[in-house]
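# Structural description and commentary
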Amino acid sequence: MMPRTPRSRPIRRTPLFSNQRQGQSIVEFALVIPILLVLLLAIADFGRIFATSVVLEAASRDAAEAAAQEYLSNPPGPLDLPAPAGNDAYYAALNVKTARIACAAARELPNADYDPSDGTCKTWPVIRVCVHDGVDGQCGKPITGFASAVPPGCTDMNAAWDPTQNGSTERWVEVRTCYRFSSLLNAPLFTFADFHLERRRQFVIPCYFVLGSAPCG
């Protein structure tokens, strides 16, 4: 009987097209990564915009309420009579107190420059105050220690200011805030310019706490 000779195993060779497919996948993955990163940053920016808007709204509302309570506790004149004119110093001081409250509430925002030594924000957010009692001579004017100029992008704040009561028997405080939002999408191919977020809130001066059921005079 003849001895059996071992059979040689066939040599497996990797097809050429397999290497081509791997190279194609790497290229496709490299092309998709930037798009995915842009989408992730866009989602993050939307979340940051929402959070910033909430902060600005709270800052404006809290400042307007505090100013209304300050006006009530320390009015420029008797609350049952029309507010006396020519008292710019009173309104200027009230505006500073109001702006400090709004500034402190927004101090955690990235572009806010809160100064704890005097409670002011020299640039952002920009804050303006108006008391609608018919005589506020400081309505919408720059506030001492805060940004003196309103950027063109703050369109709502650049709108006309009117301290009148518009036929109402009530008085109220109006606070406007404007903030420069910086996007995370600041890559060379996907650059988004900074833009402004604004909020306007009003709070009625509750004179009925002092006068009973009647509004301010």
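Heads up: the structure comes first, above all this text.
This report concerns the structure included in the present document. All values reported here derive from a predicted model rather than from experimental measurement.

Tallied over the entire structure, the rule returns four aromatic pairs. Taken together, a centroid distance of 5.1 Å and an interplanar angle of 90 degrees make the contact between Y90 and Y91 edge-to-face. Across the pair, exposure class does not vary: Y90 and Y91 are buried alike. Seen from their ring centres, Y208 and F209 are 4.9 Å apart, and the 75 degrees between their planes marks the pair as edge-to-face. With a relative accessible area of 44%, Y208 lands in the partly exposed category. By the ring-pair criterion, three or more aromatic residues cluster together here, those being Y71, Y90 and Y91.

Below, the discussion takes up unusual backbone geometry. With the exception of glycine, most residues fall at negative phi, and the peptide bonds are largely trans. Cis rather than trans, the peptide bond between W124 and P125 has omega equal to -5 degrees. A positive phi is found at N166, a non-glycine position, where the angle reads about 50 degrees. Note that N166 resides in the loop between β3 (126-132) and β4 (172-181).

The final tally for this structure, using the stated rule, is four disulfides. Paired by a disulfide, C103 and C121 hold their sulfur atoms 1.8 Å apart. Disulfide C103 to C121: torsion about the S-S bond roughly 85 degrees, handedness right-handed. With a gap of 18 residues between them, C103 in helix α2 (residues 88-105) and C121 in strand β2 (residues 120-121) connect regions that are remote in the sequence. For the pair formed by C103 and C121, the shared burial category is buried. The disulfide partner of C154 is C178, and the S-S distance across this bridge is 2.0 Å. One quick way to see it: the torsion about the S-S bond of C154 and C178 is about -80 degrees, and its sign makes the bridge left-handed. Separated by 24 residues along the polypeptide, C154 in the loop between β3 and β4 and C178 in strand β4 bring together distant segments of the chain. Classification of C154 as buried rests on a relative accessible area of 0%. The exposure class assigned to C178 is buried, which follows from its relative accessible area of 0%.

Our next topic: a nonpolar patch on the surface. A contiguous nonpolar patch, built from V32, I35, L36 and L39 and spanning about 350 Å² of accessible area, is present on the exposed surface. Relative to the helices and strands, I35 resides in helix α1 (residues 16-73).

Rules and cut-offs
- Along each chain, residues carry numbers from 1 onward, in the same order as the chain's sequence is written.
- Local features in this predicted model are restricted to residues of pLDDT 70 or higher, and side-chain atom pairs are both shown and tallied only at a pLDDT of 80 or more, whereas totals for entire chains, interfaces and linings draw on every residue.
- Where side-chain values are given, they derive from all heavy atoms of the structure, hydrogens and water being excluded.
- Here a pair means two rings of Phe, Tyr or Trp (six-membered ring of Trp) with centres within 6.5 Å. Their orientation is stacked below 30 degrees between planes, edge-to-face above 60, and tilted elsewhere.
- Only protein chains enter the area calculation, which uses a 1.4 Å probe; residues under 20% of their type maximum are buried, those over 50% are exposed, and those in between are partly exposed.
- Only DSSP runs of H or I with at least four residues qualify as helices, and only runs of E with at least two residues qualify as strands; both kinds are numbered from the N terminus onward.
- When the sulfur atoms of two cysteines come within 2.5 Å, that pair is taken as a disulfide.
- Patches here are clusters of residues that have more than 30% relative accessible area and form no salt bridge, with a 9 Å joining cutoff for like charges and a 5 Å cutoff for nonpolar side chains (Val, Leu, Ile, Met, Phe, Trp, Tyr).
- Surface exposure here means Shrake-Rupley accessible area, sampled with a 1.4 Å probe, where a residue is shielded only by the protein chains that are shown.
- The salt bridge criterion pairs a side-chain nitrogen of Lys or Arg with a carboxyl oxygen of Asp or Glu, the two atoms within 4 Å.

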